[in-house]
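# Coordinates in review
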Amino acid sequence: MKTLGIVILYYPDADVKQNILSYLPRLDKLILWDNTPPADRQDFIFDVQSEQRIIRCDAGRNAGIGMPLNRAVRYGLDNGFTHLLTMDQDSRFAPGMFNAFLRSVRNRSDSTEISFSANTHPYVPGQPETEEVEITITSGTIYRLPALQAAGLFREDFFIDAVDTEFCFRARKQNRKMIRINTVYMHHVLGDVTIKPFLWGKLVSPNYSAQRTYYLVRNSLYLQRLYPAYSQAPGTFKALFFWRPLTILLTEPDKYRKFKALFLGILHAWKGKTGEYTLR
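This one's a predicted model, so the numbers in the text were calculated from it and none came from an experiment.

## Here we look at the environment of Asp 43
Among the structural elements, Asp 43 can be located in the loop between strand E2 (29–34) and helix H2 (48–51). For the pair Asp 43 and Thr 194, spaced 151 residues apart in sequence, the C-alpha to C-alpha distance is 29 Å. There is a polar contact of 3.3 Å between the side chain of Asp 43 and the side chain of Arg 56.

See below:
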């Protein structure tokens, strides 16, 4: 098992280095892909041994998610790697968890299993140690590179949101399996979460930017066109068209641009528009 990793950076905060160090020592190589504009980038100083594992890459602009992931896939295949770990900058493994993750993946022999994901919730006794799932997120997933290549690479025209979801639905149509290792916990942050009192409870908002909201809505609706079963995924449309507008209205700043993003996302999905789009 020869494992390549990729973590995609975009205006990373001070915690990113420690996040990366939670898995870097057990990788054979790590691609550090920076989508931050060149003028705003900061360096992260690693020790000499770690630097030998790191390949620093960028496209001179924000290249989204799909293109960097596909670059990593091609590099891995060209250089004899068997597996690819994909990570977000704000995700990290607890001590010892990444070693356990690699051991679990190494012991899997079913050739129909295309990917293995970490658990974003602590393991609960009685829960199965591993289970097949319908969707995995990009962060904390290890792919078998030959199987990934056979299934087809990631959609670059989705730019950011739903790149991972589209791949999962496509892989499932090919009778591929995605396995979650429930005993491996990974801390993962969704957006800039805010929590405010609401009626008799609380309203939790991911506080996504207007630009991110646009891609989330557009790509999710486009997915429904490609894979009708996507509309049945738990909470998908309730989250997009009830909770998202509600949290924007009641808890988030920049309301005008975010509601504009919702409208344009719906319009562009209806028109079949994909690719990069800058919200103005």
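## What to know about the pairing of strand E10 (residues 194–198)
Inspection of the sheet shows E10 paired to strand E11 (residues 201–205) by five bridges, in the antiparallel sense. Each bridged residue has a counterpart across the sheet, and for Thr 194 the counterpart in E11 is Ser 205. The hairpin formed by E10 and E11 contains two residues between the paired strands, and Leu 199 there has a positive phi angle of roughly 55 degrees.

## Some points on the environment of Arg 180
Assignment of secondary structure puts Arg 180 in strand E9 (residues 177–187). Measuring from C-alpha to C-alpha, the distance between Arg 180 and Leu 264 comes to 35 Å, with 84 residues separating the pair along the chain. Among residues more than four places away in sequence, those in contact with Arg 180 are Ser 117, Ala 118, Asn 119, Gln 127, Glu 129, Thr 130, Glu 131 and Val 133. At a separation of 2.7 Å, a polar atom in the side chain of Arg 180 contacts the side chain of Glu 131.

## Notes on the packing of aromatic side chains
Under the definition given, this model contains 16 aromatic pairs. Ring geometry for Phe 93 versus Phe 98: centroids 5.1 Å apart, planes at 45 degrees, classification tilted. For the pair shown, Phe 93 and Phe 98 are each scored as buried. Between the aromatic rings of Phe 93 and Phe 101, the centroid separation amounts to 5.9 Å while the plane-to-plane angle is 45 degrees, which identifies the pairing as tilted. Look at Phe 93 and you get buried, because its relative accessible area is 5%. Taking relative accessible area as the criterion, Phe 101 reaches 0% and is therefore assigned buried. Put simply, the rings of Tyr 23, Phe 93, Phe 98 and Phe 101 touch in pairs and so form one group of aromatic residues.

## Remarks on the pattern of salt bridges
Applying the stated criterion to the full structure yields 15 salt bridges. The residue Glu 51 makes a salt bridge to Arg 56 at a minimum N-O spacing of 3.1 Å. Here Glu 51 falls in the partly exposed class, since its relative accessible area comes to 28%. Close ionic contact of Glu 113 with Arg 108 constitutes a salt bridge, the shortest N to O distance being 2.8 Å. Its relative accessible area of 24% is what places Arg 108 among the partly exposed residues.

Analysis parameters
Residues numbered from 1 in each chain as written. Predicted model: local features only at pLDDT ≥ 70, side-chain atom pairs only at ≥ 80, totals over all residues. Heavy atoms only, no water. Helix = DSSP H or I, 4+ residues; strand = E, 2+ residues; numbered from the N terminus. Polar contact = N/O pair within 3.5 Å; in protein donor to acceptor, adjacent residues only side chain to side chain. Pairing = 2+ DSSP bridges. Contact = heavy atoms within 4.5 Å. Phe/Tyr/Trp six-rings, centres within 6.5 Å; stacked < 30°, edge-to-face > 60°. Buried < 20%, exposed > 50% of the residue type's maximum accessible area, 1.4 Å probe, protein only. Salt bridge = Lys/Arg side-chain N within 4 Å of Asp/Glu carboxyl O.

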